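# Chains, contacts and geometry: an overview
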Amino acid sequence: MVQRVAVIGAGPSGLTCVKACLDEGMEPTCFESSDDIGGLWKFKEVSEPNRASIYRSLTINIWKEMMCYSDFPIPADYPNYMHHSKILKYFRMYAEHFKMLQHIRFQTSVKKVTQRPDFSRTGQWEVVTENKDGLEERHIFDAVICCSGHFNYPNLPLKDFPGIETFEGKYFHSWDYKGPEDMHGKRVVVIGIGNSGGDIAVEGSRVAEQVYLSTRSGAWVIRQVSDNGLPVDRFNTRFVHVMFKLLPMSFLNWLGEKKLNAMYDHAVYGLKPKHRLFSQIPVINDDLPFKILSGSVLVKPNLKEIRGSTVVFDDGSTAENVDLIVFATGYNYDFPYLPKHVMYKSGHRVGLYKHVFPPVLEQPTLAIVGFIHSDGSIMPQAEMQARFVTRVFKGHKKLPSNQTMIKAVEKDTRNIEKNYVVSRLTPLQVDFVEYMDDLAQDIGVRPSLLWLFLTDFPLFMRVFWGPITAYQYRLMGPGKWNGARRAIFTQLDRMYQPLRTRQLGPRESSTAGRLFKWSLLLVAGGSAFYYIQVHNPTLIPTLMSKLRPQTV
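Residues numbered from 1 in each chain as written. Predicted model: local features only at pLDDT ≥ 70, side-chain atom pairs only at ≥ 80, totals over all residues. Heavy atoms only, no water.

For the rest of this paragraph, the subject is the domain arrangement of the protein chain. Taken domain by domain, the protein chain holds domain 1 (4-151 + 333-445) and domain 2 (156-329). A straight line from the C-alpha centre of domain 1 to that of domain 2 covers 29 Å. At the interface, 37 residues of domain 1 touch 26 residues of domain 2. Counting each side, the surface lost to burial between domain 1 and domain 2 is near 2,400 Å², with a carbon and sulfur contribution of 49%. (Domains from an automatic or database assignment. Contact = heavy atoms within 4.5 Å. Buried area = accessible area lost by both parts, 1.4 Å probe.)

Dropping the structure here:
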């Protein structure tokens, strides 16, 4: 029986793992190499080796209601998209509220994790740690959860850029970027159009003489401020998810791309990528299109070579007198403290059952939490993984055989490669809702839409039509939270509250608007009924039989 659990890392994934262990009555010990919680979200002026790093101005691109933990809403007065300092404050409140800090050993690095000689019987691990004074300790744990993240090791592929040794200016990876101070009056080339590359190009363009944004394949760029000025995440609903299951992906790609191009034509702006919209997570950046329109950011193809202070691009065009090159070229991933044989490789990625458990161990007492990439926030996904892991550790959920898990991993890899654009640096992508629902089903906390429709229609309306926030996974089953229903009913209030800084008169509702909403409800109800009938035709008769009164 698992009782003592080692948690490696006190970032957003490590914190929720500590809480999940406590909820299941286990004894977690969390080892954190720095002097504070937060992981990636703990800003430091100087990047530390083998640790994630962020820049001074970073604001999260996930709406606060979609990124918070399922039983601890972010304060209503916090902004919808939060600066990293606010996110760290939220983590502190979370850790203090659930009394986690006493279980964290700060400034303690994990050097090695190895199986005990009797692992096949006990599933135990030996963990070697080192404190700030260099003192090593050995510990025995019944299980280990790794939460060390995947933004720790910058990928700097200098060999792919001929002539870099002749460059007369300065270059560095985006991991080292803290602010635009070194860009004043300079000519800057940013390589890579991910979220970091886009942010750095925009911020640098405010002070630089000129910024060039070099991209190999282009990107779809979406705005955080969506229709009616609401957060774009607000429209990630179960109704939309059902439509994605019912409608052809080619049509959905066409529709989404048409909407994006109506705001700014990606081909005209030089942004249009080779892939379709839903084949890769888009770049989220409200400012980049205007910076391109104003000429302060020039989009260029892949960098071909460097000749002193001249940068040559694939189309033959050049950027002269370049002072600075920023490589926003992604990250490598590694778990240097783990034995190599415990990891199973599948395609470009580390093959994990349910993206959590190595499928080759005799005992399921090692888990990787937070090693996931999707169109949603890491916090609720890591929390769901943690709840799944601790249910397995406690014996409430039994994993299938190693052979069955390996087959499931290979199937996942094939599906990922079929549906998404993957590579060595981005080997993994999942659909946020599908993945959350899959784990929730295993735990026993997936909300039943039909049951809610029949027993609590107002809640059904908000679960089906409203944003898919993590509170939905606290409505029923293990870990049920009594505040979940209220949190769902008040989530839009928390969205509007930080915007109400100037009081206006009351708004009158439109009759046409109400009719439109009821029409959409009828369409959604019919779609949901059809979807359930096709995929699980026995579900409705079973539920109806449970609702009939029993006779003596």
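Moving on, we get to empty space enclosed by the protein. Within the structure shown, the criterion is met by 4 cavities of 30 Å³ or more. Of the pockets and cavities examined, the largest cavity occupies roughly 110 Å³. Lining the largest cavity are Gly39, Lys42, Phe43, Lys44, Val46, Ser47, Glu48, Arg51, Ala52, Ser53, Ile54 and Lys178. Looking at the lining of the largest cavity residue by residue, the class counts come to 4 nonpolar, 3 polar and 5 charged. (1 Å grid on protein atoms, 1.4 Å probe; cavity = no way out; pocket = protein on both sides within 12 Å on 5 of 7 lines; lining within 4 Å. Points joined across faces, edges and corners; volume = space filled by probe spheres on them. Nonpolar A, V, L, I, M, F, W, Y, C, P; charged D, E, K, R; others polar.)

This part takes up the packing of helix α1 (residues 12-23) against helix α9 (residues 378-393). Angle between the axes and distance between the axes: these two values describe a pair of packed helices. Direction vectors running N to C along α1 and α9 enclose 35 degrees, while the axes themselves pass 8 Å from each other. Remark: the crossing between α1 and α9 carries right-handed chirality. Only Ile378, Met379, Ala382, Glu383, Ala386, Arg387 and Thr390 of α9 make contact with α1, whose side of the interface consists of Pro12, Ser13, Thr16, Cys17, Ala20 and Cys21. Looking at the contact of α1 with α9 residue by residue, the classes come out as 8 nonpolar, 3 polar and 2 charged. (Axes fitted to C-alpha atoms, helices over the stretch in contact; angles between N-to-C directions. Helix = DSSP H or I, 4+ residues; strand = E, 2+ residues; numbered from the N terminus. Left-handed = near helix turned anticlockwise from the far one by under 90°.)

We now examine the sheet that holds strand β3 (residues 104-105). With parallel pairing, the 5 strands of this open sheet are ordered in space as β3-β2-β1-β7-β22. Two strands lie at the open edges of the sheet, namely β3 and β22 (366-368), each paired on one side alone. Along the sheet face, α9 touches β1 (4-8), β7 (143-146) and β22 and points at about 170 degrees away from the line of β7. (Pairing = 2+ DSSP bridges.)

Tracing the chain through its elements places phenylalanine 489 in helix α14 (residues 484-489). Placed 23 residues apart in sequence, phenylalanine 489 and glycine 466 show a C-alpha to C-alpha distance of 9.5 Å. The residues touching phenylalanine 489, leaving out its near neighbours within four places in the chain, are Pro458, Leu459 and Arg462.

So, on to the sheet that holds strand β18 (residues 324-327). In spatial order, the strands read β9-β18-β10-β11-β14; together these 5 strands make up an open sheet with parallel pairing. Lying at the two open borders of the sheet, with one neighbouring strand each, are β9 (170-173) and β14 (297-300). Averaged over all pairs of adjacent strands, the angle between strand axes in this sheet comes to 20 degrees, irrespective of strand direction. Here strand β10 (residues 187-191) runs beside strand β11 (residues 210-214); their pairing, made up of 5 bridges, is parallel. In the sheet register, arginine 187 faces β11, and the bridge partner there is glutamine 210. Helix α5 (residues 195-205) contacts β10, β11, β14 and β18 of the sheet and is inclined by roughly 165 degrees relative to β11.

This brings us to unusual backbone geometry. Glycine aside, the phi torsion of most residues is negative, and most peptide linkages are trans. We note that lysine 99 has phi near 55 degrees; this positive angle belongs to a residue other than glycine. The topology assignment puts lysine 99 in the loop between α3 (84-97) and β3. On the accessibility criterion, lysine 99 (57% relative accessible area) is exposed. (Buried < 20%, exposed > 50% of the residue type's maximum accessible area, 1.4 Å probe, protein only.)

Here lysine 407 shows up in helix α10 (residues 402-419). When its relative accessible area of 55% is taken as the criterion, lysine 407 is described as exposed. Between the C-alpha atoms of lysine 407 and phenylalanine 371, which are 36 residues apart in sequence, the distance is 20 Å.

Here we come to the pairing of strand β5 (residues 125-131). Of all 7 residues in β5, 5 are buried; the element is thus mostly enclosed. Bridge count between strand β4 (residues 108-115) and β5: 7 bridges; the pairing is antiparallel. Along β5, the bridge assignment pairs valine 110 with threonine 129. Strand direction decides the pairing type here: β5 and strand β6 (residues 136-141), joined by 6 bridges, are antiparallel. By the bridge assignment, tryptophan 125 is partnered in β6 with phenylalanine 141. Count of turn residues in the β5/β6 antiparallel hairpin: 4 residues, of which glycine 134 carries a positive phi of about 85 degrees.

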